[in-house]
Amino acid sequence: MSTPKKPQRRAILVFVQNRQGVLNKISMLIRRKMYNVETITACKTHLRPGISRLTITLREDRHDKMKQVIKQIEKMTEVISAKELDTDQSFWREVAMVKTEADATHIERLRKQFNFDTLHRQNRGRFIVQIAGTSKEIDDFLHELGREKIVEVARSGFTAIEK
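Let me begin by describing the structure that accompanies this report.

**Description of the side chain of Arg 10**
- Turning to its location among the elements, Arg 10 is positioned in strand 1 (residues 9–17).
- For Arg 10, a relative accessible area of 5% translates into the label buried.
- At 3.0 Å, the side chain of Arg 10 and the backbone oxygen of Glu 60 are in polar contact.
- Of note is the side chain of Arg 10, whose polar atom sits 3.5 Å from the backbone oxygen of Asp 61.
- Every residue in contact with Arg 10, bar those within four places of it in the chain, is listed here: Ile 56, Thr 57, Leu 58, Glu 60, Asp 61, Arg 62, His 63, Met 66, Glu 84 and Trp 92.

**Comments concerning the environment of Glu 144**
- Positionally, Glu 144 belongs in helix 4 (residues 135–145).
- The spacing of Glu 144 and Leu 110 is 34 residues in sequence and 7.6 Å in space, taken between C-alpha atoms.

**Re the sheet that holds strand 3 (residues 51–59)**
- Taken together, four strands build an open sheet; the order of strands is 2-3-1-4 and the sheet is antiparallel. Lying at the two open borders of the sheet, with one neighbouring strand each, are strand 2 (37–44) and strand 4 (79–84). Adjacent strand axes in the sheet meet at a mean angle of 15° when their direction is disregarded.
- As paired strands, strand 2 and strand 3 are joined by seven bridges and run antiparallel to one another. From the neighbouring strand, Ile 40 faces strand 3, where its bridge partner is Ile 56.
- Here helix 2 (residues 63–74) sits on the sheet in contact with strand 1, strand 3 and strand 4, set at roughly 170° to strand 4.

The rules behind each value
Residues numbered from 1 in each chain as written. Predicted model: local features only at pLDDT ≥ 70, side-chain atom pairs only at ≥ 80, totals over all residues. Heavy atoms only, no water. Helix = DSSP H or I, 4+ residues; strand = E, 2+ residues; numbered from the N terminus. Buried < 20%, exposed > 50% of the residue type's maximum accessible area, 1.4 Å probe, protein only. Polar contact = N/O pair within 3.5 Å; in protein donor to acceptor, adjacent residues only side chain to side chain. Contact = heavy atoms within 4.5 Å. Pairing = 2+ DSSP bridges. Axes fitted to C-alpha atoms, helices over the stretch in contact; angles between N-to-C directions.

Structure, rendered in C-alpha cells:
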C-alpha cells in the first residue's frame, strides 16, 4: 500500500496597504477556503511607504484552487496585487534559531558542513545558533545536530523573492 503524497508547498506573494486587520482578513479568507496556512511572513516594503509585503505558504496540488484563492485575495480593497511564486523563478528561505547542548567539537564539525552563526555560547556546552536557508538545509542541519542535543528550535517561516 502506497503512502499518500503530501500536497505541494505553494507560495503567494501579496502586496497590501499597511492597515490594521489586513493580515487577519487575508488569513480568514484562506481558512474559509479550507486551506491550512503553513507560514505567513510580513514586512514593510523598502521603496513604497504604507505598503506591506506578505509571503503566504500553504500546501495544495490543484492549480485551479490556487488561482481561485488568489482571485479572492485580489478582490480585497486593501490588496494591491497577489500572485503565486514559481519555485523555479524565485528563492525561498527561512531562518531557524536553535538552542543546543553540544560540545564545541561537534559544533565546529557542523560549521564545516553548514553555514550558521553562533549567537550565544554558555560555559556548559550550550549554544544558540542561527541558520538560514531552504527548509531542507535546515532540516538536514537539525538531523545532523541530533535530536538528543536539541533543546529548542524557533523557525521563522518562509519568505521568498522572485529572480
